[in-house]
Amino acid sequence: MPVSGSDNLDPPPGVARHRLSGSDNLDPPPGVARHRLSGRLPVFPWDTLTDAAAVARAHPGGIVDLSVGTPVDPVAPVIQEALCKAAAVPGYPWTAGTPELRSAAVAALARRYGVSGLAEHAVLPVIGTKELIAWLPTLLGLGADDLVVVPELAYPTYEVGAVLAGTRVVPADSLTQLGPEAPALIFLNSPSNPTGRVLGVDHLRKVVGWARERGTMVASDECYLGLAWDEQPYSVLHPDVSEGDHTGLLAVHSLSKSSSLAGYRAGFVAGDPAVVAELLAVRKHAGMMVPGPVQAAMVAALDDDEHEAVQRERYAHRRQVLMAAFASAGFTIEHSQAGLYLWATRGEPSRDTVDWLAQRGILVAPGDFYGAAGARHVRIALTATDERVHAAAGRLSSPAR
């Protein structure tokens, strides 16, 4: 299949009916003032934590914020140096990514996760993976006649992306729940945010086969793939899953967690060359370019495994401390085999647990952020300094103040 230009490419599975790069037949929107896009979106979940955050901040020892998975450790010097060296370059960056970046991504996926057979032109840098996930249904040209499937417990941006594109959206963890439907797009997430659940290789292979029978795209959010604890997760591009064929598959990768680059907005998508070419064709028009210095920093991060291993060990230590502390405080921790979070319950509504912890100066995310099935759980992030993690552990063994 030729990939040097997108004009002669066959439309990829799931998007054959809706190629956004050929949009001459689209009707213009009927008046922005009457149709504010924000009105179609849910309340931003973290805006509902204002009161609990205020209680936690009032704790005499200060807040321990375990509600958001934002890195707290310094960016590795090798990455900072690469960013600085590229800071003087004045020109526009490559939308497709520099050859060095695409090569580094292919090599890192092979070296770290066993992905083989990936072409360099099948990699595309993105301005953080939240951006890519939020706009993927739109970039694929999906609309009202299409169905997007998301996990039942899921990162909220999957559903937001479907809403932005105006598609139908269904939460489902089992293919049998979908009946005769032929979705345009299925989102997978392993290790899961919020639960840390790992999807086995047999499950992933079954989803891929099912999707190919129906011409459905599979987008696998693999941002936590490098944080394996009790079970080894697999990329959807791994040959044991894809059988060496990346047709209809996209893997979404972020350097926010593995390299503490959340502030750099450094991510990439890889997989089916035809789909990546289609995304590139649209993004060239939309101006979605990763800044040049960030691309240089990404090369350094992808080429260097040592800093990633150091960061992983930091999270492993914090996980061990928090798991023991929450278990001793009467919490049951479920799933959490990998990833950046603990998924825990006290057997009560999640907002009650949030309030109980806020009284102890600890802020966590209620499980209802992620779907109805999370109504009695909370998500506990491992992203706090060692000092704050140990402070939380101490508070869990003491009465509330």
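This one's a predicted model, so the numbers in the text were calculated from it and none came from an experiment.

Draft legend 1. Structural context of the overall build of the chain. When its secondary structure is counted, the chain shows 12 helices and 13 strands. Against the 2.2 N^0.38 benchmark of 21 Å for 401 residues, the chain shows a C-alpha radius of gyration of 21 Å, consistent with a compact globule. When its C-alpha atoms are laid out on the principal axes, the chain stretches across 65 × 50 × 45 Å. The burial tally for the chain puts 54% of its 401 residues in the buried class. If you take every contact in the chain between residues at least 6 apart in sequence, the share linking residues at least 24 apart comes to 77%.

Draft legend 2. Up close: the pattern of salt bridges. Counted according to the given criterion, the structure contains 14 salt bridges. A salt bridge links Arg318 to Asp73; the nearest nitrogen and oxygen atoms lie 2.9 Å apart. Of this pair, Arg318 sits in helix α10 (residues 306–328) while Asp73 sits in the loop between β1 (64–65) and α2 (77–85); the two residues are 245 residues apart in sequence, bridging distant segments of the chain. Using a relative accessible area of 2% as the deciding quantity, one classes Arg318 as buried. Accessibility expressed as a relative area gives 11% for Asp73, which makes it buried.

Draft legend 3. View of the pairing of strand β4 (residues 168–171). As defined by bridge partners, strand β3 (residues 147–150) adjoins β4 across four bridges and the pair is classed as parallel. By the bridge assignment, Val150 is partnered in β4 with Pro171. The parallel pair β3 and β4, bridged by helix α5 (residues 157–165), forms a crossover whose chirality is right-handed.

Draft legend 4. Just the packing of aromatic side chains, in detail. Applying the stated rule across the entire model yields nine aromatic pairs. Judged by centre distance (5.9 Å) and plane angle (40 degrees), the ring pair of Phe44 and Trp46 falls under tilted. A residue is classified by how much of its surface remains accessible, and Trp46, at 23% relative accessible area, is partly exposed. With 5.6 Å between their ring centres and 65 degrees between their planes, Tyr224 and Tyr341 make a pair best called edge-to-face. Here Tyr341 lies in strand β10 (residues 341–345) and Tyr224 lies in the loop between β6 (217–221) and α7 (239–242), a separation of 117 residues in the sequence. With respect to burial, Tyr224 and Tyr341 carry one shared label: buried. By way of ring pairs, the aromatic residues Phe44, Trp46, Trp343, Phe369 and Tyr370 are connected into one cluster. Sitting over the face of the ring of Trp356, Arg360 holds its NZ or CZ atom 3.7 Å from the ring centroid. A cation over an aromatic ring shows up here: Arg379 above the ring of Tyr341, its NZ or CZ 3.8 Å from the ring centre.

Draft legend 5. Focus on the sheet that holds strand β8 (residues 267–271). The strand order β2-β8-β7-β6-β5-β3-β4 describes an open sheet built from seven strands, whose pairing is mixed. In the strand order of this sheet, the two ends are held by β2 (123–126) and β4, each with one partner. On average, each strand axis in the sheet is tilted by 20 degrees relative to the strand beside it, whichever way the strands run. Of the strands in this sheet, β2, β5 (185–189), β6, β7 (249–254) and β8 are in contact with helix α4 (residues 129–139), which crosses β7 at around 150 degrees. Here helix α8 (residues 273–286) sits on the sheet in contact with β2, β6, β7 and β8, set at roughly 40 degrees to β2.

Draft legend 6. Summary view of α5. Burial within α5 is extensive, with eight of its nine residues counted as buried. Considered for burial, the residues of α5 that qualify are Thr157, Tyr158, Val160, Gly161, Ala162, Val163, Leu164 and Ala165. Packing partners of the buried residues in α5 comprise α4, β3, β4, β5 and β6. Looking one or two places after α5, you find Gly166, whose phi comes out positive at around 75 degrees.

Draft legend 7. Region of interest: the sheet that holds strand β13 (residues 378–381). A sheet is described by the order of its strands in space; here four strands give the open sequence β9-β10-β13-β12, paired in antiparallel fashion. Lying at the two open borders of the sheet, with one neighbouring strand each, are β9 (332–334) and β12 (365–366). Strand direction decides the pairing type here: β12 and β13, joined by two bridges, are antiparallel. Among the inter-strand pairings, Pro366 is bridged to a residue of β13, identified as Val378.

Conventions and cut-offs
Residues numbered from 1 in each chain as written. Predicted model: local features only at pLDDT ≥ 70, side-chain atom pairs only at ≥ 80, totals over all residues. Heavy atoms only, no water. Helix = DSSP H or I, 4+ residues; strand = E, 2+ residues; numbered from the N terminus. Rg over C-alpha atoms; globule rule 2.2 N^0.38 Å. Buried < 20%, exposed > 50% of the residue type's maximum accessible area, 1.4 Å probe, protein only. Contact = heavy atoms within 4.5 Å. Salt bridge = Lys/Arg side-chain N within 4 Å of Asp/Glu carboxyl O. Pairing = 2+ DSSP bridges. Right-handed = clockwise from strand over helix to strand, strands pointing away. Phe/Tyr/Trp six-rings, centres within 6.5 Å; stacked < 30°, edge-to-face > 60°. Lys NZ or Arg CZ within 6 Å of the ring centre and 35° of its normal. Axes fitted to C-alpha atoms, helices over the stretch in contact; angles between N-to-C directions.

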